[in-house]
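Structural description and commentary
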Amino acid sequence: MLAAVLLAAAGSSQSNFTLSVLPPTMRIGPETPAVGAASADIACARGEWESFQVVVAATGQRLEDADASISALTSADGKSLGKDNTILYREVLIPVRHSVPRAACPPGLVPDALVPFVNPYTGEKIFEPKWREERRSGVRFGAAGFEVWPGQCQVLWVDVYVPPDTPAGFYEGALTVTANGEQSAEIPVRLTVWDFVLPAGPAHENHFGGFGSLRNYHQLGEDTAAYERLEERYIEMMAANRINPPVPARLLPPVAEDGTAQFDEALEQRWTEFVEKHHVTNIQVPMAPFGDALGQDRAKALQFYRSWFAYLEKKGWAARASLYMLDEPNDPEAYERVRQLGALVHEAEPRLRRLVVEQPYTQDPVWGTLDGSIDIWCPLFGFVHEGSVQRVKANGNAVWSYTALVQSAPPYHPEYETVKNDNPPYWQLDFPVTAYRIAPWLNRRYGITGLLYWATVYWDSPARNPWHDPGFRIRWNGEGALFYPGDDAGIEGPVASIRLKNLRDGMEDYEYFALLEQRGGQALVEDIVHSAVPTWGAWDQDPYRLLELRRQLATAIVDRAMGAN
C-alpha cells in the first residue's frame, strides 16, 4: 500500500541521497517517507527467485543520470552467483484515475511496471529517454539515467535467481547506485541458500488465459513471424514466473474429417520441446472445433476429445490436462448446456477433466444441479464456501479458484449473512500487492488445488495504452493485465509488473507447502497456513508476516531433510 512506512534501520547514505531496503510485499510511492533496512538480507531455496526493493531517496539536490548495478554474490569458499543470476528493474509509476469499488488505496501514481536496466533480448542498456529521443523513437520509459527530485524517491526492484545446482550456504555482494557524476552509495546484499530445491514447473495447477490481444494491440495483422516471436517471449516470461503458458495455436494439430486430432512425428517433437522448455504442468484441451457438437457433429466431437486425451496419455501429460468447458453459466439455459456438454465429454473420455467457472453450489435451485457434469469447479475468491468445497471433493472433484473485477460473496452464498462484508483479495492496482501473493495460501487453506485468471494481456485496443490508462472498462485498474507491452520501453516483448512478481512468490510458497507435506509436515503446514488465512475475508496483509511464515516453512523442510539423513 502507499501508506507511509517508517522502519527502525536507516540505509546507507551520501550527502544527496540515501539507500534503504524494503521487502517485495509492499508498494512504495514517490513521496512515501519509507526508510528500510541498511542491507538486503534475503533467503531462498535452490531453483527459486527472491526479490527485494531498494529505495533511492534524494535528500539534497536533485539526482540526475542515476544508475544501479549489483556485483556477483560470492560464498566464503569461492562459489559465485554471477550477474546473470540477478535482474535490476526501475519501478515505473502508473496513473490510477478512477477508484474501483472497495478500493484500499486512493487514486494517484502507483508503482507497478518493472523496466529492466538491460534489454533481455538485445543485451543493451535501457536508458531513460531524453525528450528528443522520445519524440523520435516513441520510447517513453527507461531505467538507467533516472532522476529523483529532493523529497522524493525512486524504487528499484531486484530479482535474484538461484539455479538448482547452487550449493547451499551464505553468499554476499553489494548493490551500488551512482548519480550526479561522482556520487555513489552502496548497500550489502546477503543471500542464504537453503538446502532444498523447488521443482522446475508449478505444483499448484493454474491457467491464465491466452495472448489473443497481442496481435490486435500491436496491429500485427497477418505478420505471423512477428506475432510468434512476440508470443514466445510472453510464454517465456509466464513460465519464468511459475505460470503455465497457454498452448500456442501453432502447436494445435490438424483435424481429420472424422474429428481425429492428428499428431504426426514432427508436431509431437515440437510439443515435447514446448512442454520441457517451459516446464508446463497443465495443458488445456481445446473445445471441439465443430459448429454443432451436440447435434449433427456429435460423432466428430467425441472422436476429437478421445484422440486428444489418447495423445496426452501417451505423453504422460493427461493427469493434469483439462477442458475449459464453459465460463460463468448464469442462467438456466447455460446450466443445461453445461450438463449436455459434460455428458458429451464424459462419453468421449471419462478421465478428461471438465472445468467450469462456477461455484460448487447452485445459483438458483430451479436451474437444477451441475453435479456429475463438472470435474473442476472454479468459484470466485469471494464465492468460496468451505462446506461446498469439501462436498464436491468428497465426490472426487477438484476445486480451483479465480478472480475478476471486485466481487464479494453473492446473496446465494450458503453463509451470506456471515460473509457479505468480507473482502477477499482483489486483483487491481487499488489494493495491496499481498493480494497476489496470498492467493495460493488461500487455496491451500481451503483445499483448493488450482488458480485461474482470465487474461494477462487484455489491453482493449491500441487506443488504450495500459502505461497511461490501466482501467479495463474505465475503472478496473490492471484487470486482466499482469504484463505491460514492452514497446513503450523499447523492448520487443513483455514488461513484468510488481503484481506478477508477488504472484510468482506466492506460487513458490505453495511449493514449500508441498515439500513440507512430503516430509511428513502436513500438520505444521496446516497451522502456518491457517495463521495467515483464518478465512477468505480475514487474510493477513502485513507485508512482513508472510515472509516470516515462509522462513518457518523453510526451516522445517531443512530440519526434516537433515533428520532423514
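Computed from a prediction, not measured in an experiment: that's the story for all the values here. As a convention, each chain's residues are numbered from 1 in the sequence order in which they are written. Reporting in this predicted model follows two pLDDT cut-offs: at least 70 for local features of residues, and 80 or more for side-chain atom pairs to be given and counted; totals over whole chains, interfaces and linings ignore these cut-offs and use all residues. Values shown for side chains rest on all heavy atoms present in the structure; no hydrogens or waters enter the calculation.

Structural notes on the overall build of the chain
On a plain count of helices and strands, the chain comes out with 12 helices and 23 strands. We compute the radius of gyration over the C-alpha atoms and compare it with the globule rule, which gives 2.2 Å times the number of residues raised to the power 0.38. The C-alpha radius of gyration of the chain comes to 24 Å, within 12% of the 24 Å expected for a compact globule of 565 residues. Projected onto its principal axes, the C-alpha coordinates of the chain cover approximately 75 × 55 × 50 Å. When accessible area is computed with a 1.4 Å probe and restricted to protein chains, residues below 20% of their type maximum are described as buried, those above 50% as exposed, and intermediate ones as partly exposed. When the 565 residues of the chain are sorted by exposure, 57% land in the buried category. Pairs of residues are marked as contacts when any of their non-hydrogen atoms sit within 4.5 Å. Intrachain contacts of the chain at a sequence separation of at least 6 include 72% that bridge at least 24 residues. When the accessible surface of the chain is totalled, it reaches about 22,400 Å², and 50% of it is carbon and sulfur. Only runs of H or I of at least four residues qualify as helices and only runs of E of at least two qualify as strands under DSSP, and these elements are numbered from the N terminus. For the area figures, the Shrake-Rupley method with a 1.4 Å probe applies, and any residue is considered shielded solely by the protein chains shown.

A closer look at the pairing of strand 4 (residues 63-70)
With two bridges connecting them, strand 4 and strand 9 (residues 146-148) associate as antiparallel partners. Of the residues in strand 9, the one forming a bridge with leucine 63 is valine 148. In this analysis, strands are considered paired if DSSP registers two or more bridges between them. In this sheet, strand 11 (residues 169-179) lies alongside strand 4 in antiparallel orientation, the contact comprising four bridges. When the bridges of strand 11 are listed, serine 69 appears paired with threonine 176.

Let's talk about the nonpolar core
Nonpolar cores are built from buried Ala, Val, Leu, Ile, Met, Phe, Trp, Tyr and Cys residues. Side-chain atoms within 4.5 Å join them into one set. Of all hydrophobic cores here, the largest spans 101 residues; its most connected members are Phe196, Trp271, Tyr305, Trp427 and Trp441. Not counting residues up to four positions away in its chain, the partners in contact with tryptophan 441 are Asp509, Phe513, Ile528, Val529, Ala532, Val533, Leu546, Leu549, Arg550 and Leu553. By size, the runner-up hydrophobic cluster in this structure holds 49 residues, among which are Ile70, Ala143, Leu175 and Tyr484.

Re the packing of helix 5 (residues 298-315) against helix 6 (residues 332-348)
The axes of two packed helices give the description: the angle between them and the distance between them. Between the N-to-C directions of two axes lies an angle of 0 to 180 degrees, each axis being a line fitted to C-alpha atoms and, for a helix, fitted only over the stretch in contact. At a minimum axis distance of 8 Å, the contact between helix 5 and helix 6 shows a crossing angle of 55 degrees. Relative to helix 6, the element helix 5 lies oblique. For the pair helix 5 and helix 6, the crossing hand works out as right-handed. Of helix 6, the residues touching helix 5 (which contributes Arg298, Ala301, Leu302, Tyr305 and Arg306) are Leu344, Val345, Glu347 and Ala348. Its residues placed into classes, the contact of helix 5 with helix 6 shows six nonpolar, no polar and three charged. Any angle between 65 and 115 degrees counts as roughly perpendicular, while under 35 counts as roughly parallel, over 145 as roughly antiparallel, and the rest as oblique. Note on convention: the crossing is left-handed when the near helix lies turned anticlockwise from the far helix by less than a right angle, right-handed when the turn is clockwise. The classification used treats Ala, Val, Leu, Ile, Met, Phe, Trp, Tyr, Cys and Pro as nonpolar, Asp, Glu, Lys and Arg as charged, and all other residues, Gly among them, as polar.

Some remarks on the sheet that holds strand 17 (residues 376-377)
Pairing is parallel across the open sheet formed by seven strands, whose spatial order is 13-19-18-17-16-15-14. Each of the sheet's edge strands pairs with one partner strand only, and the pair in question is strand 13 (205-207) and strand 14 (283-285). Taken together, the three bridges between strand 18 (residues 398-402) and strand 19 (residues 450-452) define a ladder with parallel strand orientation. When the bridges of strand 19 are listed, serine 401 appears paired with leucine 451. With respect to the sheet, helix 6 is in contact with strand 15 (321-327) and strand 16 (353-357), its orientation differing from that of strand 15 by roughly 155 degrees.

Remarks on helix 7 (residues 386-394)
Buried within helix 7 are the following residues: Ser388, Val389 and Val392. The buried residues of helix 7 occupy an angular sector of 105 degrees when the element is viewed end-on, so they sit on one face. Where helix 7 is buried, its residues meet strand 17 and strand 18. Backbone geometry just downstream of helix 7 places glycine 396 in the positive-phi region, at approximately 95 degrees. The arc in question is the one spanned by the directions pointing from the helix axis to the C-beta atoms.

Re the state of the cysteines
Two cysteine sulfur atoms form a disulfide, by the criterion used here, when they sit within 2.5 Å. Under the criterion given, the structure shown has zero disulfides. No disulfide involves cysteine 105; its nearest neighbouring cysteine sulfur is the one of cysteine 153, lying 15 Å away. With relative accessibility at 5%, the residue cysteine 105 sits in the buried group.

Quick look at the packing of helix 9 (residues 434-445) against helix 10 (residues 498-518)
Where helix 9 meets helix 10, the closest approach of the two axes is 6 Å, and the angle between their N-to-C directions is 30 degrees. In terms of axis orientation, helix 9 runs roughly parallel to helix 10. Pair helix 9 / helix 10 crosses with right-handed handedness. Seen from helix 9, the contacting residues are Tyr436, Arg437, Pro440, Trp441 and Arg444; seen from helix 10, they are Arg499, Asn502, Leu503, Asp505, Gly506, Met507, Asp509, Tyr510, Phe513 and Glu517. Taken together, the residues of the contact of helix 9 with helix 10 break down into seven nonpolar, two polar and six charged.

A few points about the side chain of threonine 260
Along the chain, threonine 260 falls in the loop between helix 3 (224-240) and helix 4 (265-278). N or O atoms within 3.5 Å of each other form a polar contact, as long as, within protein, one can give a hydrogen and the other can take it, and as long as residues adjacent in sequence are counted only when both atoms are side-chain atoms. Within polar-contact distance, the side chain of threonine 260 engages the side chain of aspartate 258 at 2.9 Å. In this structure the side chain of threonine 260 is engaged in a polar contact, spanning 3.0 Å, whose partner is the side chain of glutamine 303. Excluding anything up to four places from it in sequence, threonine 260 contacts Pro254, Val255, Gln303 and Ser307.

Regarding the pattern of salt bridges
Should a side-chain nitrogen of Lys or Arg be within 4 Å of a carboxyl oxygen of Asp or Glu, the pair is scored as a salt bridge. Per the stated rule, a full pass over the model turns up 39 salt bridges. Across the salt bridge formed by glutamate 492 and arginine 233, the nearest N and O atoms sit 3.6 Å from each other. One end of the pair, glutamate 492, is in the loop between strand 22 (483-485) and strand 23 (494-497); the other, arginine 233, is in helix 3, and 259 residues separate them in sequence. Residue classification places glutamate 492 among the partly exposed residues on the basis of a relative accessible area of 40%. Residue classification places arginine 233 among the buried residues on the basis of a relative accessible area of 17%.

What about helix 6?
With 17 residues, helix 6 extends 25 Å from end C-alpha to end C-alpha; this agrees with the ideal 24 Å at 1.5 Å per step. The set of residues buried in helix 6 consists of Ala334, Tyr335, Val338, Leu341, Gly342, Leu344, Val345 and Ala348. Elements in contact with the buried residues of helix 6: helix 5, strand 15 and strand 16. The residue sitting at the N-terminus of helix 6 and contributing the capping side-chain oxygen is aspartate 331; that oxygen lies 3.1 Å from the backbone nitrogen of glutamate 333. Here the expected span of a helix is defined as 1.5 Å times the quantity of residues minus one.

Brief notes about the confidence of the model for the chain
Any region with low pLDDT has predicted coordinates that should not be read closely. Confidence scores labelled pLDDT are given residue by residue by the predictor and lie between 0 and 100. Confidence along the chain averages 91 in pLDDT terms, with 95% of residues attaining 70 or more. Here residues 1-14 is modelled with pLDDT under 50, and outside its nearest four sequence neighbours on either side it reaches 47 contacts, counting other chains as well.

Details of the packing of aromatic side chains
In this analysis, rings of Phe, Tyr and Trp, with Trp reduced to its six-membered ring, are considered paired at centre separations within 6.5 Å, and the interplanar angle assigns stacked below 30 degrees, edge-to-face beyond 60, and tilted for intermediate values. Taken as a whole, this structure holds 37 aromatic pairs when the rule is applied. Among the aromatic residues, those joined into a cluster by ring pairs are Phe263, Trp271, Phe290, Phe304, Tyr305, Trp308, Tyr311 and Trp317. Cation over ring: arginine 62 sits above tryptophan 149, and NZ or CZ is 4.6 Å from the ring centre. Only when the NZ of Lys or the CZ of Arg is both within 6 Å of the ring centre and within 35 degrees of the ring normal is a charge said to sit over the ring. In this structure, arginine 445 is placed above the aromatic ring of tyrosine 446, and the distance from its NZ or CZ to the ring centre is 4.4 Å.

Looking at the sheet that holds strand 10 (residues 153-162)
If you walk across this open sheet you meet the seven strands as 1-3-10-7-8-23-22, and the pairing is antiparallel. Two strands in the sheet have a free side with no partner beyond their single neighbour: strand 1 (17-22) and strand 22. Within the sheet, the average angular offset between the axes of one strand and its neighbour, ignoring direction, is 35 degrees. Pairing geometry for strand 1 and strand 3 (residues 48-58), over six bridges, is antiparallel. Across the sheet, residue leucine 19 finds its bridge partner in strand 3, namely valine 56. Contacting strand 3, strand 7 (86-96), strand 8 (108-116), strand 10, strand 22 and strand 23, helix 10 runs over the sheet at an angle of about 145 degrees to strand 3.

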